[in-house]
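A look at the structure
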Amino acid sequence: MANWVLKGLRTRIKTSAYRSAAEAVSGLSPGQPRGVALPAHDAAALVERCPTRAIDSCEGGVAIDQRRCVDCFRCHADVEEPAVPWGDGYEWAAYADDVAAMRRKLGHAFGRSLHIRFLDAGACGACMSEARQLINPYYNMHNLGFFMTPTPRNADVLMVAGPVSDAMRLPLRITYEAMPTPKRVVAIGACAASGGVFGPSFAAGGGVAEIIPVDVVVPGCPPPPLAILHGLMVVVGRKPPSELISRPSNGEMSPE
Amino acid sequence: MTLSAIADTEPTDFAGLCESRWKGRVTAKLDAAACHVACEPPDLPAICEWLSEEMGYVFATLVVEEESKPGWLLTYVFYKDAATPWVYVELRLDARVTTVPSISGLANGPAADWHEREAEDLFGLSFAGHPRLGEFVLHEDWPEGVVPMRHSFDARRMLDIPEAPNPAWDPPTIFSAPGSFAMPVGPVYSDFGEAAHFLLETVGEDVVRTIQRFFYKYRGVEKISEGRPIDRVLLLAERFSGIAAFAHGLAFCQAVETICDVEVPPRGRALRTVFAELERLRHHVATIAGICNSTALVVATAQAALIEEDLIRLSCQVARHRYFFGAVVPGGVTCDLVEEHRQHLLTAVDEIAQRCEELHRMLRYSSSFLDRLEEVGIVSPDAAAAYGLVGPIARACGATRDMRKIRPYAAYATVDFMVPIEQEGDGYARLRIFFAEIEQSAAILHQILRALPAGEIRAPDIVARPGTALAAVEAPSGAAFHWVRLRDDGMIARYRITSPSFTNWHGFHIATENFAFQDFPIILASFGLSNAECDR
């Protein structure tokens, strides 16, 4: 009989320091494009090059709508000038809109114990894989008080990935309605935030907010596990939210 | 002609053999891609049966195309091994034709069953003799008579589809005895399960059979690709199945390269092999973690999950992205491997192979774990052949088909590796296959990384030209076939993806007949398939 207990003990604690300290192991996150100050014709070239309209020209340069970015790297790597700078880091979650910001955090009672229901609304599998990493020893969301729950009746947070395919609209609405209040919805990934590369079309929508109210958006394609964890911390008010639009000024200020 | 003469001439003159067997009823032409066999509808079933029964061919995919000058072109793709040409049985039909003979009720088995059901749903073509058509990709809330894959349907059009009045799906069940019932599983799961619906039909303790419904995640990828440029469709090819993004992106790029006659530089080919094998490693380790999790073996799950995350981080270090998004382009790859990363990868792959080996050893000595896997979810070799199953699932029951050997792409022709095979076809055989493939992937990576060719990583910008090509790639869960047709202006005219999950989910019900309730998650996990990959 294999000695699993011994094996487990020998492996020691692997959990990330990300709670209080920053985590800086390489390979944690693919990073994010940042807004940058550029001449108008360069800005126009970048807007033209972005396949998902994540880049938009703004006063003095380009701004990035992180909800639309699908990590194609066509504005950054392996390209001729102009290119946008790329920031690393992972604290990307933000309130979906001003209304969600008003609702803000769930009360203190949820700060140490939050139950999450996950719903796949047509995700490609990468978001799901990243969300699944949250329960592996590296990220270990349980020790932050976050748990998956097998029923929406016990859920405080509905975590949704995918652009919401036609057949998942009804299951999504039923699941949301089955949850007791107060409840919060976290949309993870570019598809859930904006429809990504799929929607809106005849078969998929333009994100979760078309069906149910969304509170926190975690951009990324897919968002790395720590970004999702940051999203959950934002829900309970243990971390401040980030911004969904990266503009030239704040883009340059946060090299991380 | 004697039998031995037939055997001798077979590889070189398959077209002649075909024409002499079907005198006057087919025209066969051999080109670089395949042997094109054009036939008339009444002969189709017999020709397909001849191919699979007598010639040992396997059905790969059915590609339905609505031609620009009104008419249909149906291509039934068959393959066998590295020595024989692929066969495209082609059926050209008048636009007014609405019914085609079905080939899925034949002695050769139902391999084309799902392909025909999909074509019926999406193109409105009917297949005469098919036992069960209707409601497959499009569920019951879809308006009757609206066929999205026809050119006349606008993909941007938002249909006003009412939400299904009855969310409880209620297909006919075989039992009506008192006490019998159908236990629903999905489409929303208690953990991170992908959307799909299973009905476990039972009369008490044991499940008699499983009825499955997929396509909850249908995003119309093939439809929204049409009329778009290559670089936009590449985004879809990579992202419709995120956990096999590189494999599918690669398949799409290979099809485009074949059409546009692009030669990928040796270093680009080698790096494609490196990324594809890293993806396979990660997929298999994740599947193993899933199997351990389904049997509630917590420490083993944690160990596998640690290896999985290490592999994801490794991908991010060498290719920028944790799932290889944006790594492959027509003509090559976008990220080079610097010397420092090459060294790092060599040691990291060795270390991961060792950890997997230790995990395998410990699992082999965990009798409570093996009890849950052995003789559970058995797929027989006959069933696997009849359904044309692919990948690790087929290899766990005696079929060694592997696209890396049958039609070597990237740098697979230059490496020496083995395709593992098991005979039992149960959950444990599949687990052993996953571990054995991890070993082989590590060996492939070793060979490639030790002799990485120098030079360019991608060909100069490619010029799109009209044409058609089929690319076959061994994705982590099996053979993926990508059929691409480019228009005169270089836009996509037709993109047909046949994914290993589509092929293998079709055979899933074989493994889920007459089993105990508690084995269902284990069988599910041991298949290691993706619904996103199936549904597209």
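Residues numbered from 1 in each chain as written. Chains lettered and ligands numbered in written order. Predicted model: local features only at pLDDT ≥ 70, side-chain atom pairs only at ≥ 80, totals over all residues. Heavy atoms only, no water.

**Looking at the overall build of chain B**
As a reminder of what qualifies: Under the scheme used here, helices are H or I runs from DSSP no shorter than 4 residues and strands are E runs no shorter than 2 residues, and both carry numbers assigned from the N terminus. We take the radius of gyration over the C-alpha atoms and set the globule estimate at 2.2 Å times the residue count to the 0.38 power. To sort residues, take the accessible area from a 1.4 Å probe on protein chains only and compare it with the maximum for the residue type: under 20% means buried, over 50% means exposed, and anything in between is partly exposed. By definition, residues are in contact when any of their heavy atoms lie within 4.5 Å. The charge count treats Lys and Arg as positive and Asp and Glu as negative. His and the chain ends do not count. For charged residues, the charge sits on one atom: NZ in Lys, CZ in Arg, CG in Asp, CD in Glu.
When you go through chain B residue by residue, the secondary structure sums to 19 helices and 16 strands. At 23 Å, chain B has a C-alpha radius of gyration in line with the 24 Å of a compact globule built from 536 residues. Overall, the C-alpha framework of chain B stretches about 70 × 60 × 60 Å when taken along its three principal axes. Looking at chain B as a whole, 63% of its 536 residues qualify as buried. A separation threshold of at least 6 residues defines the contact pool for chain B, and within that pool the share at least 24 residues apart is 67%. Taking the average location of the 49 positive side-chain charges in chain B and that of its 73 negative ones, the two points are 5 Å from each other.

**Examining the pairing of strand S10 (residues 206-213) of chain B**
All names here are of chain B. Basically, it comes down to this: Two strands are counted as paired when DSSP detects at least two bridges linking them.
Pairing between strand S9 (residues 197-202) and S10: six bridges, direction antiparallel. Paired with Leu-199 across the bridge in S10 is Ile-211. The loop that links S9 with its antiparallel partner S10 comprises three residues. As paired strands, S10 and strand S16 (residues 515-516) are joined by two bridges and run antiparallel to one another. The residue of S16 that forms the bridge with Val-207 is Phe-515.

**Let's talk about the environment of Leu370(B)**
All names here are of chain B. Counting through the fold element by element, Leu-370 comes out in helix H11 (residues 367-373). When the C-alpha atoms of Leu-370 and Glu-140 are compared, they prove to be 41 Å apart, with 230 residues separating the residues in sequence. With residues near it in sequence (within four places) discarded, Leu-370 still touches Leu-363, Arg-364 and Tyr-428.

**What about the side chain of Gln254(B)?**
Residues and elements named next belong to chain B. In this structure, Gln-254 sits in helix H7 (residues 245-260). For Gln-254, a relative accessible area of 11% gives the class buried. Gln-254 has contacts with Arg-272, Tyr-409, Ala-410, Ala-471, Ala-472 and Val-473, leaving out every residue within four places of it along the chain.

**Remarks on helix H10 (residues 339-364) of chain B**
Note the threshold: By this rule the span expected of a helix is its residue count minus one, scaled by 1.5 Å.
Along its 26 residues, H10(B) runs 38 Å from first to last C-alpha, staying within 8% of the 38 Å computed at 1.5 Å per residue. Along H10(B), the residues classified as buried are Arg342(B), Leu345(B), Leu346(B), Ala348(B), Val349(B), Ile352(B), Cys356(B), Leu359(B), His360(B), Met362(B) and Leu363(B). In the core, the buried residues of H10(B) are packed alongside helix H1 (4-11) of chain A together with helix H8 (266-294), helix H9 (298-319), H11 and helix H15 (427-450) of chain B.

**A look at the domain arrangement of chain B**
Counted only if it meets this: The domain boundaries here were taken from an automatic or database domain assignment.
Looking at the assigned domains, one finds that chain B contains domain 1 (3-128), domain 2 (181-213) and domain 3 (263-463 + 504-529). One C-alpha centre belongs to domain 1 of chain B, the other to domain 2 of chain B, and the line joining them spans 35 Å.

**Concerning the domain arrangement of chain A**
Residue and element names in this part refer to chain A. The cut-off we apply is this: Defined in terms of a 1.4 Å probe, buried area is the accessible area two parts forfeit on being brought together, summed over both. Only one rule defines a salt bridge in this text: a Lys or Arg side-chain nitrogen within 4 Å of an Asp or Glu carboxyl oxygen. Counted as a polar contact is a pair of N or O atoms within 3.5 Å, where, for protein atoms, one must be capable of donating a hydrogen and the other of accepting one, and residues adjacent in sequence contribute only when both atoms are in side chains.
The assigned domain composition of chain A is domain 1 (32-89 + 245-253) and domain 2 (94-235). Between domain 1 and domain 2, the C-alpha centre-to-centre distance is 26 Å. Taken together, both faces of the contact between domain 1 and domain 2 bury some 670 Å²; the carbon and sulfur share is 61%. Taken together, the links from domain 1 to domain 2 amount to zero salt bridges. Across the contact surface, domain 1 and domain 2 share one residue pair in polar contact (both at pLDDT 80 or more).

**Re the confidence of the model for chain B**
Rule in force here: The quantity known as pLDDT measures the predictor's confidence residue by residue, on a range of 0 to 100.
On average, residues of chain B carry a pLDDT of 86, and 95% of them reach 70 or more. Note on residues 1-11 of chain B: pLDDT under 50 across the span, and 10 contacts to partners over four residues away in sequence or across chains.

**A look at the pairing of strand S4 (residues 72-79) of chain B**
Residues and elements named next belong to chain B. Counting buried residues along S4, eight of its eight residues qualify, which places the element largely inside the surrounding structure. Bridge count between strand S3 (residues 58-66) and S4: eight bridges; the pairing is antiparallel. Across the sheet, Glu-65 pairs through a bridge with Leu-73, a residue of S4. As consecutive antiparallel partners, S3 and S4 are separated by five residues, and within that stretch Gly-71 has a phi angle of approximately 160°, a positive value. Of the pairings in the sheet, the one linking S4 to strand S5 (residues 87-93) comprises seven bridges and is antiparallel in character. Across the sheet, residue Phe-78 finds its bridge partner in S5, namely Val-87.

**Remarks on the packing of aromatic side chains**
Heads up, the rule is: A pair of aromatic rings is counted whenever rings of Phe, Tyr or Trp (Trp by its six-membered ring) have centres within 6.5 Å, and the orientation is called stacked for planes under 30 degrees apart, edge-to-face for over 60 and tilted otherwise. Distance and angle both matter: a charge sits over a ring if NZ of Lys or CZ of Arg is within 6 Å of the ring centre and within 35 degrees of the ring normal.
Applying the stated criterion to the full structure yields 34 aromatic pairs over all chains. For the ring pair Phe198(B) and Phe214(B), a centre distance of 5.8 Å and an interplane angle of 85° mean the geometry is edge-to-face. Of this pair, Phe198(B) sits in strand S9 while Phe214(B) sits in the loop between S10 and helix H5 (221-225); the two residues are 16 residues apart in sequence, bridging distant segments of the chain. The pair Phe198(B) / Phe214(B) is uniform in exposure class, with both members buried. Site record: aromatic cluster; members linked through ring pairs are Trp114(B), Phe136(B), Phe198(B), Phe214(B), Phe215(B), Phe502(B), Trp505(B), Phe508(B), Phe515(B), Phe520(B) and Phe527(B). Seen from the ring of Phe198(A), Arg219(B) lies directly overhead, with NZ or CZ sitting 4.8 Å from the centre. The positively charged end of Arg320(B) is found above the aromatic ring belonging to Phe73(A), 4.5 Å away from the centroid.

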